[in-house]
Amino acid sequence: NAKSQGANRFLFFNDAMNQLAVKRLQIENLIRYGLKEDFFCVYYQPKLDIITGQLVGMEALVRFNTPKGGLISPASFIPIAEETGQIIEIGEVVLRKACQDVKRWIDQGLFDGRVAVNLSSRQFALPFLCEQIDQILQETELPSYHLELEITEGTVMQSPKLAIETMKKLRARGMHLAMDDFGTGYSSLAYLKQFPLNTLKIDKIFIDDLNTARGRNMVDTIVTIAHNLNLTVVAEGVEQLEQVEMLHKLRCQIIQGYYYSKPISANDFSTFLQEIKQKRWQSFAIATDV
Ligand code: C2E
Ligand code: MG
Ligand code: MG
Ligand code: MG
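What you are looking at is a predicted structure, and each value in this text was computed from that prediction instead of being measured.

Notes on the site of ligand 1
Near ligand 1, the surroundings consist of 22 residues, among which Arg63, Asn118, Asp180, Glu239 and Tyr258 are the closest. One of the side-chain nitrogen or oxygen atoms of Gln45 is found 3.1 Å away from a nitrogen atom of ligand 1. Interatomic distance of 2.8 Å between a side-chain N/O atom of Asp180 and an oxygen atom of ligand 1. Protein chains shield 80% of the accessible area of ligand 1, which is 800 Å² for the free molecule. Of all the secondary structure elements, the ones that give two or more residues to the shell around ligand 1 are strand 2 (55–65), helix 3 (86–107) and strand 6 (176–182). Here the shell around ligand 1 takes 4 residues from strand 2, the largest share from any one element. Here the shell around ligand 1 is composed, by residue class, of 9 nonpolar, 5 polar and 8 charged.

Structural notes on the packing of aromatic side chains
Two aromatic rings are characterised by how far apart their centres lie and by the angle between their planes. Per the stated rule, a full pass over the model turns up 11 aromatic pairs. Ring geometry for Tyr44 and Trp105: centres 5.1 Å apart, planes at 75 degrees, overall edge-to-face. Here Tyr44 is found in strand 1 (residues 40–49), whereas its partner Trp105 is found in helix 3, with 61 residues between them in sequence. Given a relative accessible area of 0%, Trp105 falls into the buried group. Their ring planes at 65 degrees and their centres at 6.1 Å tell us that Tyr260 and Phe272 sit as a pair that is edge-to-face. In this pair, Tyr260 sits in the loop between strand 9 (254–256) and strand 10 (264–265) while Phe272 sits in helix 12 (residues 266–277), placing the two residues 12 residues apart along the sequence. We note that Tyr260, like Phe272, is buried. A cation over a ring is seen here: Lys262 above Tyr258, with NZ or CZ 4.9 Å from the ring centre.

As for helix 12
Because each turn of an α-helix spans 3.6 residues, side chains separated by three or four positions end up pointing in the same direction. The terminal C-alpha atoms of helix 12 lie 16 Å apart, and with 12 residues this matches the ideal 16 Å at 1.5 Å per residue to within 8%. Residues of helix 12 that are buried: Ala266, Phe269, Ser270, Phe272, Leu273 and Glu275. Buried positions along helix 12 lie against strand 1, strand 2, helix 3 and strand 10. Phi turns positive, to about 55 degrees, at Lys279, one or two residues after helix 12.

Description of the packing of helix 3 against helix 5 (residues 129–140)
Closest axis-to-axis distance for the helix 3/helix 5 pair is 9 Å, and the angle between their directions is 35 degrees. Crossing hand, helix 3 versus helix 5: right-handed. Between helix 3, through Glu92, Leu95, Arg96, Cys99, Gln100 and Lys103, and helix 5, the contact on the second element is made entirely by Gln132, Ile133, Ile136, Leu137, Glu139 and Thr140.

Here's the deal with the pattern of salt bridges
As enumerated under the stated definition, the model contains 16 salt bridges in all. Of the charged contacts in the structure, one is a salt bridge between Glu28 and Arg32, with a shortest N-O distance of 3.2 Å. In this pair, Glu28 and Arg32 both sit in helix 1 (residues 19–37), 4 residues apart, roughly one turn of the helix. Note that Lys201 and Glu59 form a salt bridge whose closest N and O atoms lie 2.9 Å from each other. One end of the pair, Lys201, is in strand 7 (residues 199–202); the other, Glu59, is in strand 2, and 142 residues separate them in sequence. Across the pair, Glu59 and Lys201 agree in class, each one buried. One salt-bridge network, held together by shared partners, links Glu59, Glu150, Lys201 and Glu236.

Calculation rules
- Residues numbered from 1 in each chain as written.
- Chains lettered and ligands numbered in written order.
- Predicted model: local features only at pLDDT ≥ 70, side-chain atom pairs only at ≥ 80, totals over all residues.
- Heavy atoms only, no water.
- Near = heavy atom within 4 Å.
- Polar contact = N/O pair within 3.5 Å; in protein donor to acceptor, adjacent residues only side chain to side chain.
- Areas by Shrake-Rupley, 256 points an atom, 1.4 Å probe, with all protein chains shown as cover.
- Helix = DSSP H or I, 4+ residues; strand = E, 2+ residues; numbered from the N terminus.
- Nonpolar A, V, L, I, M, F, W, Y, C, P; charged D, E, K, R; others polar.
- Phe/Tyr/Trp six-rings, centres within 6.5 Å; stacked < 30°, edge-to-face > 60°.
- Buried < 20%, exposed > 50% of the residue type's maximum accessible area, 1.4 Å probe, protein only.
- Lys NZ or Arg CZ within 6 Å of the ring centre and 35° of its normal.
- Expected span 1.5 Å × (residues − 1).
- Contact = heavy atoms within 4.5 Å.
- Axes fitted to C-alpha atoms, helices over the stretch in contact; angles between N-to-C directions.
- Left-handed = near helix turned anticlockwise from the far one by under 90°.
- Salt bridge = Lys/Arg side-chain N within 4 Å of Asp/Glu carboxyl O.

Below, the structure written as structure tokens:
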């Protein structure tokens, strides 16, 4: 049968079938196959202090590593994994791998900060989420304060009261919480101040818009809200030096983006950490008079 002949068999379906449905089924099957064969891996993107240019942490981003060496980006499988519920298992794999990698880097004296891991709505809603995370931290021997969890407005607004309880439980364990893609969901300021967050991540769409007065105003407003709530601000998707300088002017503290580095494999990140330690890495400190 098709299944026993591997994932490639799923590419051949009756032409008459709805193309979308076929694609979804292919991806669902590919995910199942990937989970079984351990094809999911974690890439890391550095986060930088905008003034000192120092590495302050990194975000763990899932990749599907095909046997032929190709990488499939999450945009093409996360939405389907969300629907099928497979995201729960993927999320667990990502969390475990990220904790293992960071534990190793800490033990090697290469890193002492936090790794940020994305949580999907489905994961966040799991009644045993905290227990699952506890177990992974225990298994990997990673202290909870090295872990930050990224959630979106959509995730917490589904059921804000319940979300606050879950967030409090996670914070009580020492983890940090970041609101991802801030400004793209429907936010409620009334709730925002009740959420026990540490960080606001400004979505790339606002960073792309920094060359307009309106865009700068938006970022200025978001930073002001964040600071009033005592939250650290991270700008996502920073690609150009001009954006870095503008973000500094707008009092944003941390940047993440291609300007500094794309997400890289755990091996490459390990090399990168060693180069920083040996001071063989170019400084990204900016002129403070900008
Ligand atoms: P996100 O959490 O907002 O992650 C940031 C995304 O922006 C990443 O895309 C990253 O590669 C991309 N990015 C960073 N800097 C730049 C830049 O300067 N320019 C451009 N064009 N892009 C930049 P990626 O890795 O494709 O992930 C996309 C989304 O998939 C993530 O958005 C997140 O929502 C989701 N995702 C990724 N990994 C996981 C995971 O392990 N679990 C869950 N639940 N979702 C994940
Ligand atoms: Mg994220
Ligand atoms: Mg984001
Ligand atoms: Mg995003």
